[in-house]
Amino acid sequence: MQYTDLTRKELQREYDRVARKYTNLLREPLALDMTVQDPLLRQSSSQRAVRHFGTVLGKELSDTGAAHPTVAGDAVAALSTMPGCAHRTVELCRQAGVCFDAVDHSTVLARIIPVDAQSDQLTRAAGVFAISARMAALESLRGTLMRA
């Protein structure tokens, strides 16, 4: 379901559902900084972790239109969000204990997978990333509809 195709009522229902998921994430925040540049990114032994992170992101974001993976040479994962949603996505992630970088109004980067990060932490960090992107997109769309 593409968010841009939802009616006002459907948009509100989806926002409430995503907000509940986000609130659950806030109950047990992570402490994971994924903003530090990894100088050995291409030779990193964490390529499996990078693929796992990307798989979780793809599953969480498929068909919403909130964000999609994009290419960024200096990052292990990059998301192209709906225009104007990157900074809000990063802000929501930080509140949930995961730090990412917003490089412009629509690109969010995970620059490194910490060496000591465990699989469940990466799954959760990807979930935080995805839920935050979805919530930012829904907030933006709700704001647009309210002004219309």
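How each quantity is defined
- Residues numbered from 1 in each chain as written.
- Predicted model: local features only at pLDDT ≥ 70, side-chain atom pairs only at ≥ 80, totals over all residues.
- Heavy atoms only, no water.
- Helix = DSSP H or I, 4+ residues; strand = E, 2+ residues; numbered from the N terminus.
- Buried < 20%, exposed > 50% of the residue type's maximum accessible area, 1.4 Å probe, protein only.
- Phe/Tyr/Trp six-rings, centres within 6.5 Å; stacked < 30°, edge-to-face > 60°.
- Lys NZ or Arg CZ within 6 Å of the ring centre and 35° of its normal.

### Quick notes on unusual backbone geometry
Reasoning step 1: If you check the backbone angles, D63 has positive phi at about 65 degrees while not being a glycine.
Reasoning step 2: For D63, the location among the structural elements is in the loop between α2 (47-61) and β2 (67-69).
Reasoning step 3: The class for D63 is exposed, based on a relative accessible area of 54%.

### Details of the packing of aromatic side chains
Reasoning step 1: A full pass over the atoms with the stated rule returns 1 aromatic pair.
Reasoning step 2: Taking 4.1 Å as the distance between ring centres and 15 degrees as the angle between the ring planes, the aromatic pair formed by F100 and F129 counts as stacked. With F100 in the loop between β4 (98-99) and β5 (101-102) and F129 in helix α4 (residues 119-147), this pair connects stretches of sequence that are 29 residues apart.
Reasoning step 3: Here F100 falls in the buried class, since its relative accessible area comes to 0%.
Reasoning step 4: Classification of F129 as buried rests on a relative accessible area of 0%.
Reasoning step 5: Across the ring face of Y15, the terminal group of R142 is positioned such that the distance to the ring centre comes to 4.0 Å.

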